[in-house]
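# Reading the structure
Chain by chain, the residues:
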Amino acid sequence: MSEFLQHLINMLVLGGTYALLGIGLTLIFGIMNVVNFTHGVLYTFGAYIMFIVVHQLGVNFFLALPLAVVAGWLLGAAIELTLLRPLRGSDIDTTMLVMIGAWIAMQSGALWIWGGVAKSVTTPFPEAPLVLGPVSVSWLRLFVLAAAAMLIVVTYLLINKTKLGCAMRATFQDRDTASLMGVNVDLIYTSTFAIGSSLAAAAGALLGPVYVIFPQMGDLAAVKAFAIVILGGLGNITGAVIGGFILALAEELGAGYVSSGYRDAMGFLIIIAVLIFKPTGLFARSERVG
Amino acid sequence: MNSVRLENHMIRTFRLVPTIALAVALLGGAAYAQTIKIGVNEPLTGAFAASGTYVVNGAKIAADEINAKGGILGKKLELVIEDNKSNPTEAAAVAEKLITSDKVPVLMGAWGSSLTLAVMPKLMEYETPMVVETSSSGKITTTGNPYIFRISPPSAIEAAAFKGIVDKLELKKVDFLVINNDWGRGTAEDFSKMMKEKGITVGAVETMDQGAQDMSAQLSKLKGTDSETIIVTTAVDQLTLIFKQAAALGLKKRIITTGGSQNPDQIIAQAGAAANGTMHLTTFLPWFPDKTPNPEATNYFIAEWKKRGFDFAGCTESFRGYDGIRTAAAAIEKAGKAEPAAIKAALWDINIKGLNGDIVFRKSGPEGKESGQSQPNVYLIEITDGKIGMKTL
Amino acid sequence: MRAGVAILAIVAFASVPLWLRDPYLMNALITTGIFIIGAMSLNLLLGFTGQLSLGHIAFFGIGAYVSALTSLGFDVGLPFGLRIVHVPWPPIVGFVLAIVVAGLCGYLVGLLSFRVRGAYFVIVTISFAEVVRLVALNWVELTQGPLALTNIPSITVGLPGLGDLTLRTKLQNYYLVLSVAVVTYLLISRLVHSHFGRAMRGLMENETLAVSVGIDVTKTLTLAAVISAGIAGAAGSLYAHYIRIIDPEVFAFINTVTMVIMVITGGKGSLAGPVVGGMIFGLLPVFLRPIMAPEAQWIAYGGVLIVILFVLPRGIVPSLALRFAKPRTRAETVAPVAFSERDAKEHA
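Rules behind the numbers
- Residues numbered from 1 in each chain as written.
- Chains lettered and ligands numbered in written order.
- Predicted model: local features only at pLDDT ≥ 70, side-chain atom pairs only at ≥ 80, totals over all residues.
- Buried ≥ 20, exposed ≤ 12 C-beta atoms within 10 Å, placed from the backbone.
- Helix = DSSP H or I, 4+ residues; strand = E, 2+ residues; numbered from the N terminus.
- Arc of directions from axis to C-beta.
- Contact = placed C-beta atoms within 7 Å.
- Nonpolar A, V, L, I, M, F, W, Y, C, P; charged D, E, K, R; others polar.
- Pairing = 2+ DSSP bridges.
- Axes fitted to C-alpha atoms, helices over the stretch in contact; angles between N-to-C directions.

Further remarks concern helix H14 (residues 316-324) of chain C. Residues and elements named next belong to chain C. Taken residue by residue, H14 has Val317, Pro318 and Ala321 as its buried positions. Down the axis of H14, the buried side of the element spans an arc of 95°, and every buried residue falls inside it. Buried-residue contacts for H14 involve helix H11 (253-266) and helix H12 (273-288).

Written out as structure tokens, the structure reads:
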């Protein structure tokens, strides 16, 4: 039983960051219909920013986090402006391939600049875990969960309560009509990509110190993000959040009770199962963003 | 840290110069016979980039040392270094290029077992020997390829070396947590066999995917078993994560790592207090040069490594590149000429003092087409209070 | 005119071993050729039915494993105490079985995934490839897992009256790959210009309209998937018997990406596209290797990809065809149709 409780705790912590990754991608995928292969790179980027800011510039850990988010936002906007906007109107696979090219180039750039040796970020949290009866959880991970939750709430408010969010939702529903109603679709696209990217960078900035930082770290994260998007439905933030936790739960229980080798397969098996039985995702009201 | 980056930048940029010169020479059709070449087939990009780079840097130290002492057979030693991109298809293509285009008479490579396995058919095809410096899969020396000469230990040899230590540690029941590739699974298999012979119970065998970063699920499961020891086999990045996550879960069992890719310094730096109490089966002792079989050479190697500004943590992998090149060079000297067949024959006759033991090749594999396998030493170290010490038994 | 160009190309390719003596470049051409066959099969799905399949390497890898296991033999236990022992068969049988089994998998994937489209289809195909990789990695008893299948025999061809010929040298393998590639090209060409091909293109351009004239969506797409997967399986088999070692790394995503790059830069929906794209991106690493540091090579690779997509978004072959075609033939050129967002949302 205590093992099960431990899995549950692990799942909560992991689920929060998976949710962040998923939300970012579902926004981009849902609103812009771009298969964003740079999502994993933004995750990696966020982590490396933490490393640079904390270790090489000596900035406080808690200040470094918002810096990483902002950096992710800027990089996302830059990618959208230079690579996606000129290709507006092209096929989905052309933009996808451009994203792949950018992914290859940026990941190799990270390898070139920082080398392949993993880096770690020291955190101000105590190493000894918080012990609650039979389960343990590290302070750092609790902080990550809290920070992720806060970011999720902020994003939710942004999408549902602001004018920008309203414009984004309108564009998702019907781009042409939104444009006719005066929405600057170009601006929305750039904002969407930037926000989505900043969330990926945030996930990386939070998880980088939990794990270690190396150039290929985003690859697995990106794949899981795709799984979460499927689970939750394109463009559905609530779905992405719940999907993130479901994926984390499936991984924990799958690795713990079925087979550790197939841990990362859990996500994929879920995807396939969902798509066989409920192709629009688990949450039927998936036609709207928010 | 900055100077390392700059240095790596410079090294990589300046590699352009000799490679362009080489290309020009090849294109010019001139038989550039003034140097003796050894081909180096290592992963410099892709998943294994960090390790491959360490090995290559160790190899360069060996090459420079040899050249400073007058080269081989009176000629300069030239390393032809190529990146196999951590990909078996590329490893085979690179071997093809080194042998047929660059005309190297002997190679060193290819780091990972599947990379080495992909190269092996090419060695047979072109009858060129290769010194295997890191790969650990048993298959490499047992499938009948007489062009393979391995200086790193397969897990069977590691298990045999560990046999002597096992009694003193009083192991009763053991779990395994291994990386899900040939190295990890091979270790679990060979060590399990050895332990069962000694009457030790083998409990759970958990695996983790090569790219996995969260082993909490596996560790939570192992926390609940009744074994007192966990044997862990994987590379330094995952080891760091395992120790941190184990500590966070309150897992208090004895942990012994194997495989020789541990980089304890990096683990201490990144896992901190979580690393205390862990033991490691390594093949090299850069921290205690006097305990190595060849203290003078160890000191020289470490001094050179530090002089070049490389990360000290990389010593536990780079020494293989050093030993590998010295092995190949010794064989060329003995053969008297830079020709594959002669070098292959000479490799059976060499006996040099490697950094972690004598390098002498014994026959391994099916009769008539044996590969060469050397038997390096294995040491048990322990991390206590952030410091590395030999485990006294 | 078209046929003339094709024949010229085939003759040119066939003559390569006569003047190219460098084994390293030959090796590069052979592996590139194998991936081009894979790319042509992907083009069938991507270019002619408009389905963005990113798990194509699964069929390639399945073909490789089936062919390798057929020719090596295996001994595996199944649930309920069953045990299957297979003795080694000639590799040529493995080649055929690879096509069959891969095609079967294509059928299953087709059934599953054609209920969804667009973005979802992408993700399903990625997931499928990952699951297959993990099965290959963990079902150690059958596939040897990460310990790899080694010593895979080269393909032996029985020539009537002349005895057996084992294709071991580069020259032989080159012609083997070239033959399979030519056959594949012809097969796809005939398919595309047939009634079935028109059905595929109709589906791609306007599905609602196609359905209204009686085209069975699922049947068409599934058949395309079967053929596409079967060809990929053949390529996988060639790979297994040439490189002669297979491990789960063959399913790595980067291999799918390689084929996708070949198809889209060359021009999806054009027959010659994958060949042109394949030659460029298969050989690009060879040319970059001597002039750049390893990391820089990858950056250049990504950069070239982006540049080509910006300058020639339809792909190289269609763009060139448009430029050089006579006005009448221009209208006949199969132009890939933009997958409009509305269509995507309707199917999401």
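Turning our eyes to something else, we now look at the interface of chain C and chain A. Each side of the interface is counted separately: chain C has 40 residues, and chain A has 37 residues. Elements supplying a minimum of two residues to the side of chain C that touches chain A: helix H5 (118-138), H11, helix H13 (294-311) and helix H16 (341-347) of chain C. Sorting elements by how many residues they give to the side of chain C that touches chain A places H5(C) first, with 13 residues. Across the side of chain C that touches chain A, the residue classes break down as 32 nonpolar, four polar and four charged.

Turning to the sheet that holds strand E14 (residues 371-373) of chain B, a few remarks are in order. Residues and elements named next belong to chain B. As summarised here, the arrangement of the seven strands in space is E2-E1-E3-E4-E5-E14-E13, forming an open sheet in which the pairing is mixed. The open sheet has two free edges, formed respectively by strand E2 (76-83) and strand E13 (362-364), since each of these has just one partner strand. When the angles between neighbouring strand axes are averaged without regard to direction, this sheet yields 25°. With three bridges joining them, strand E1 (residues 35-42) and strand E3 (residues 107-109) adopt parallel strand pairing. Bridge pairing links Val40 to Met108 in E3. Set on the sheet, helix H3 (residues 49-68) makes contact with E1, E2 and E3; between it and E2 the angle comes to about 170°. Those strands touched by helix H4 (residues 88-101) are E1, E2 and E3, and its axis lies near 175° from that of E1.

Residue and element names in this part refer to chain B. Reading across from one edge, E7-E6-E8-E9-E10-E15-E16 is the order of the seven strands in this open sheet, with mixed pairing throughout. With one partner strand each, in any of the chains shown, strand E7 (201-208) and strand E16 (387-390) form the two edges of the open sheet. Each adjacent strand pair in this sheet contributes to an overall mean axis angle of 25°, direction not counted. Sheet topology note: the strand E15 (residues 379-384)/E16 ladder contains four bridges and is antiparallel. Within E16, the position partnered with Thr384 by the bridge is Lys387. Against the sheet, helix H9 (residues 216-223) engages strand E6 (173-179), E7 and strand E8 (229-233), with an angle of about 165° to E7.

Geometric descriptors of this kind do not, in isolation, establish any biological role.
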